[in-house]
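Reading the structure
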Amino acid sequence: MNDDIDDETELGFEPAVSATGASEDTGASRTRRRSRRGGLRRRLGATAVLFAALAAMGAGYAAFAGTSGASSTGTSQEDVQAGHQLYQVSCITCHGANLEGIRGQGPTLIGAGGAAVYFQVSTGRMPAVGQGAYEARKPAKFNEKQTEQLAAYIESIGGGPQVPTGKLRGDDKSLGDGGALFRINCASCHGTTGRGAPLSAGKIAPGLYDANDKQMYAAMLSGPESMPVFSNNALTPSEKKAIIAYIQTIKASNDPGGAGIDRIGPVSEAIVIWVAGIGLLMVVILWIGARSQ
Ligand code: HEC
Ligand code: HEC
């Protein structure tokens, strides 16, 4: 009886006896079992630590991979189908089986176009979590490829402005024009430095420093929430690119420094090497540890 309590407090739980093969509670086998259990417990503990560490690193890598995936070139019929599947899992409850929208849940997406989908999904605003609340930028749920697939599907049904492609930033010569156009068209809401500003009715125009070129272009094409749509008549493609060049320049000069993960390309490769390397190292360490016991 005493022994039993001892056993339990030591381990914190009653271990699975069958794991050791012992079944008789005789004094001798008990001591042996106890020490074997100790070894098993240590190894199980080490394995758990290894798995926890690997899982954590995997999650970390997934987070980086999600934000730095290479952009796809063109979309195919398979992309449309893949997008349809993603849509049915993540969007249909609010936007309806035929993009018609659902009253009180979400608006129709017919005519929204790939640009709106790209903007909403790549900035993590969609899929929306709650109802009615302002959808702020958050970590994207889908990677670049999946986002393009969702855009391809929604565009294939309802048309609308396409996902912008190619080089979307004007060169240095366009900075002057970009600045002037920014002050006329964007600064009233986003502030003269692009840091964002409150709008009426408790809404805000967010800061622009988190957005990449493609998201900025897509925002202008789709006009999310109370932002106006800047069609190609309102701002020609080269004017849009000039504005993007200007925003990225003031962003860079206002950057407080530190690691700007989302703007470095090779970082994802480095992380793969790092994850694989550290993981391997841990396996070796644990193996040596197990051998020496
Ligand atoms: C919980 C409900 C909900 C879910 C799930 C959801 N949405 Fe939305 N969606 C909304 C609401 C509400 C709005 C309008 C408010 C806004 O723009 O913030 C919206 C707006 C949009 C817009 C902008 C429409 C326009 O005309 O500019 C797009 C594009 C969009 N959603 C795409 C998606 C996609 C793609 C998914 C799936 C990955 C998705 N949504 C999942 C509720 C939802
Ligand atoms: C009438 C006010 C208004 C004007 C003018 C306006 N915007 Fe916006 N903008 C908004 C609002 C509101 C949002 C937030 C939309 C949302 O969260 O769905 C936004 C969002 C954005 C975003 C997304 C930022 C992010 O990363 O979350 C970008 C980029 C952007 N605007 C660029 C521009 C550019 C470039 C111009 C000028 C060509 C411009 N906006 C003009 C109101 C405005």
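Residues numbered from 1 in each chain as written. Chains lettered and ligands numbered in written order. Predicted model: local features only at pLDDT ≥ 70, side-chain atom pairs only at ≥ 80, totals over all residues. Heavy atoms only, no water.

1. Some details on the overall build of the chain
Across its full length, the chain carries eleven helices and two strands. Reading the chain from its N terminus to its C terminus gives the helix and strand order α-α-α-α-α-α-α-α-β-β-α-α-α. Split into buried and exposed, the 293 residues of the chain put 33% on the buried side. For the chain, contacts bridging at least 24 residues in sequence account for 63% of all contacts bridging at least 6. Approximately 17,200 Å² of the chain is accessible, and the part contributed by carbon and sulfur atoms is 60%. (Helix = DSSP H or I, 4+ residues; strand = E, 2+ residues; numbered from the N terminus. Buried < 20%, exposed > 50% of the residue type's maximum accessible area, 1.4 Å probe, protein only. Contact = heavy atoms within 4.5 Å. Areas by Shrake-Rupley, 256 points an atom, 1.4 Å probe, with all protein chains shown as cover.)

2. Quick notes on the nonpolar core
Formed by 38 residues in total, the largest nonpolar core has its most connected members in Tyr 87, Leu 150, Ile 154, Phe 182 and Ile 243. Sorting the residues of this core by element identifies helix H3 (77-90), helix H5 (113-122), helix H6 (144-158), helix H7 (175-185), helix H9 (213-222) and helix H10 (237-254) as the ones contributing at least two each. Considering each element in turn, this core owes the most residues, six residues, to H9. Contact partners of Phe 182, with chain neighbours within four places excluded, come to Ala 187, Gly 191, Thr 192, Gly 194, Leu 208, Ile 243, Tyr 246 and Ile 247. (Core = buried A, V, L, I, M, F, W, Y, C linked by side-chain atoms within 4.5 Å.)

3. Examining the site of ligand 1
In the vicinity of ligand 1 there are 20 residues, among which Cys 91, Cys 94, His 95, Pro 107 and Met 126 approach most closely. His 95 has a polar side-chain atom sitting 2.8 Å from a nitrogen atom of ligand 1. The set of elements that each furnish at least two residues to the shell around ligand 1 consists of helix H4 (92-95), H5 and H6. If one sorts the elements of the shell around ligand 1 by residue count, H5 sits on top with four residues. (Near = heavy atom within 4 Å. Polar contact = N/O pair within 3.5 Å; in protein donor to acceptor, adjacent residues only side chain to side chain.)

4. Looking at the packing of H9 against H10
Taken N-terminus to C-terminus, the directions of H9 and H10 make an angle of 130 degrees; their axes are 10 Å apart at the nearest point. By the angle between their axes, H9 is oblique relative to H10. Note on packing geometry: the crossing formed by H9 with H10 is right-handed. Side by side, H9 and H10 meet where Asp 213, Met 216, Tyr 217, Met 220 and Leu 221 of the first sit next to Pro 237, Lys 240, Lys 241, Ile 244, Ile 247 and Gln 248 of the second. Grouping the amino acids of the contact of H9 with H10 by side-chain chemistry returns seven nonpolar, one polar and three charged. (Axes fitted to C-alpha atoms, helices over the stretch in contact; angles between N-to-C directions. Parallel < 35°, antiparallel > 145°, perpendicular 65-115°, else oblique. Left-handed = near helix turned anticlockwise from the far one by under 90°. Nonpolar A, V, L, I, M, F, W, Y, C, P; charged D, E, K, R; others polar.)

5. A short note on the environment of Tyr 209
Locating Tyr 209 in the fold gives a position in the loop between strand S2 (204-205) and H9. The spatial distance from the C-alpha of Tyr 209 to the C-alpha of Arg 195 is 7.1 Å, given a sequence separation of 14 residues. Only 2.5 Å separates the side chain of Tyr 209 from the backbone oxygen of Thr 193, close enough to count as a polar contact.

6. Observations concerning a nonpolar patch on the surface
Taken together, the side chains of Leu 280, Val 284, Trp 287 and Ile 288 make up a nonpolar region of the molecular surface, amounting to roughly 440 Å² of accessible area. When you line up the elements, Ile 288 lands in helix H11 (residues 267-291). (Patch = residues over 30% accessible without salt bridge, like charges linked within 9 Å, V, L, I, M, F, W, Y side chains within 5 Å. Salt bridge = Lys/Arg side-chain N within 4 Å of Asp/Glu carboxyl O.)

7. As for the coordination of the iron atom of ligand 2
Surrounding the iron atom of ligand 2 are the protein donor atoms His 190 (NE2) and Met 227 (SD), at 2.0 to 2.2 Å. Its six donor atoms give the iron atom of ligand 2 angles of 86 to 178 degrees at the centre, a pattern that matches the octahedral case. Of this pair, His 190 sits in helix H8 (residues 187-190) while Met 227 sits in the loop between H9 and H10, placing them 37 residues apart in sequence. (Donors = N, O, S within 2.8 Å, 3.2 Å for Na, K, Ca; no water. Tetrahedral: all angles 85-135°; square planar, octahedral: opposite > 155°, others 65-115°.)

8. Here we look at the site of ligand 2
Near ligand 2 you find 27 residues, and of these Arg 125, Cys 186, Cys 189, His 190 and Met 227 are the closest. Within the contact set of ligand 2, an oxygen atom lies 2.8 Å away from a side-chain nitrogen or oxygen of Arg 125. In this structure, His 190 approaches ligand 2 through a side-chain N or O atom, which is 2.8 Å from a nitrogen atom. Mapped onto the shell around ligand 2, the elements with two or more residues apiece are H8, H9 and H10. The element that contributes the greatest number of residues to the shell around ligand 2 is H9, accounting for three residues. Summarising the domain contributions, the shell around ligand 2 has at least three residues from each of domain 1 (74-163) and domain 2 (167-256). (Domains from an automatic or database assignment.)

9. Section: the pattern of salt bridges
Under the counting rule described, the total for this entry stands at five salt bridges. Of the charged contacts, one joins Lys 145 and Asp 79 as a salt bridge, the two residues approaching to 3.5 Å between their closest N and O atoms. Of this pair, Lys 145 sits in helix H6 while Asp 79 sits in helix H3, and the two are 66 residues apart along the sequence. Given a relative accessible area of 41%, Lys 145 falls into the partly exposed group. For Asp 171, the salt bridge is made with Lys 173, and the minimal N-O distance between the two is 4.0 Å.

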